[in-house]
Amino acid sequence: MGAFQGFGRQALPFFKALKFHQSREWFEENRALHESEVLGPFTALIDDLTAEFQKRKVPLKGEGRKSIFRIHRDVRFSKDKSPYKTHAGAVMTRSGGKGEQGLLYLHIDPEGCFVAAGFHMLEPPQLSAMREAIRRKPERFEKMEMELLKAKLAFSTSEGFQMKRLPRGYEAFKDSPLSGALRLKSFIVEEAVTDKLVASPKLTGKVVEFTERAMPLLAYGWAALG
């Protein structure tokens, strides 16, 4: 489909080794490996996806390496002072920048690769807007959710993504089918990607296909947030 030919065979082993070493000396010795096996292919993947999305009129794009998150961890407020992340991630949005809701996220990790789409950890005003959209026109949300289910996608309820209780003001929905949705703090759908596919040029097509199935969620959220 384009320049992306798969992540390098040493991409996932690189992160496994980095998890063990976690030293600047080791990383500098293996920087070239990170460049050739991870960053180079990831940049090509983002560029190919941007071109393919444009052809298909999918309103998402990336900006090459700017779309890839830094490998250095922010340890200022963390008890874990490990300097390096042991995975690679990148995000695509309508503007191409990272700081925007309604995104596609790609995660390359020896402990499990995946692709995800949606609205992650919404700010209070955004979360309020999403919940009010559900309250005002529940049929629209239910239609969108049904489209996701038909596409074999469901909202992630990973730890931190969903409140245990309904937010204040929504107690009337306690026994409603919408109760789960109103407790969400992130509206995310995701799908695992095999290590074999990560190393293949077919990954591009897989991500495009997933994104098109996730579009009902993205379109709904963009409309709700205005």
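Please refer to the structure higher up on the page.
Residues numbered from 1 in each chain as written. Predicted model: local features only at pLDDT ≥ 70, side-chain atom pairs only at ≥ 80, totals over all residues. Heavy atoms only, no water.

(A) Examining the nonpolar core more closely. One finds Phe 7, Phe 42, Leu 104, Phe 141, Phe 155, Phe 187 and Val 189 to be the most contacted residues of the largest nonpolar core, which totals 65 residues. With 11 residues, helix 8 (residues 203-225) is the largest single contributor of residues to this core. Discounting chain neighbours no more than four positions away, the residues touching Phe 187 are Ala 117, Gly 118, Phe 119, Leu 122, Leu 127, Met 130, Ile 134, Phe 141, Phe 155, Ala 181 and Leu 217. (Core = buried A, V, L, I, M, F, W, Y, C linked by side-chain atoms within 4.5 Å. Buried < 20%, exposed > 50% of the residue type's maximum accessible area, 1.4 Å probe, protein only. Helix = DSSP H or I, 4+ residues; strand = E, 2+ residues; numbered from the N terminus. Contact = heavy atoms within 4.5 Å.)

(B) Region of interest: the packing of aromatic side chains. Per the counting criterion, the structure on display carries 12 aromatic pairs. On the basis of an interplanar angle of 80 degrees and a centroid distance of 5.1 Å, the ring pair of Phe 7 and Phe 42 is categorised as edge-to-face. Of this pair, Phe 7 sits in the segment before helix 1 (11-21) while Phe 42 sits in helix 3 (residues 31-56), and the two are 35 residues apart along the sequence. For the pair formed by Phe 7 and Phe 42, the shared burial category is buried. Ring centres of Phe 155 and Phe 187 lie 5.9 Å apart, and the angle between their planes is 85 degrees; on these two criteria the pair is classed as edge-to-face. (Phe/Tyr/Trp six-rings, centres within 6.5 Å; stacked < 30°, edge-to-face > 60°.)

(C) Geometry of the pattern of salt bridges. Inspection of the entire model under this criterion finds 12 salt bridges. The shortest N-O distance in the salt bridge between Arg 213 and Glu 191 comes to 2.6 Å. Of this pair, Arg 213 sits in helix 8 while Glu 191 sits in strand 4 (residues 187-193), and the two are 22 residues apart along the sequence. Classification of Arg 213 by relative accessible area gives buried; the value is 17%. Judged by relative accessible area, Glu 191 falls into the buried class, the value being 17%. Each of Glu 191, Lys 206, Glu 209 and Arg 213 takes part in salt bridges that share partners, so that together they form one network. (Salt bridge = Lys/Arg side-chain N within 4 Å of Asp/Glu carboxyl O.)

(D) Highlighting helix 5 (residues 138-150). Compared with the 18 Å implied by 1.5 Å per residue over 13 residues, the 18 Å span of helix 5 between its first and last C-alpha is a close match. Buried within helix 5 are the following residues: Phe 141, Met 144 and Leu 148. One face of helix 5 carries all of its buried residues, which in axial projection span an arc of 65 degrees. Summarising the geometry of helix 5, the exposed residues directed more than 90 degrees from the buried face are Lys 143 and Lys 150. Taken together, the buried residues of helix 5 touch helix 4 (124-136), helix 6 (179-182), strand 4 and helix 8. (Expected span 1.5 Å × (residues − 1). Arc of directions from axis to C-beta.)

(E) Fine view of the environment of Phe 187. The residue Phe 187 is located in strand 4 in this model. With 29 residues separating them along the chain, Phe 187 and Pro 216 place their C-alpha atoms 12 Å apart.

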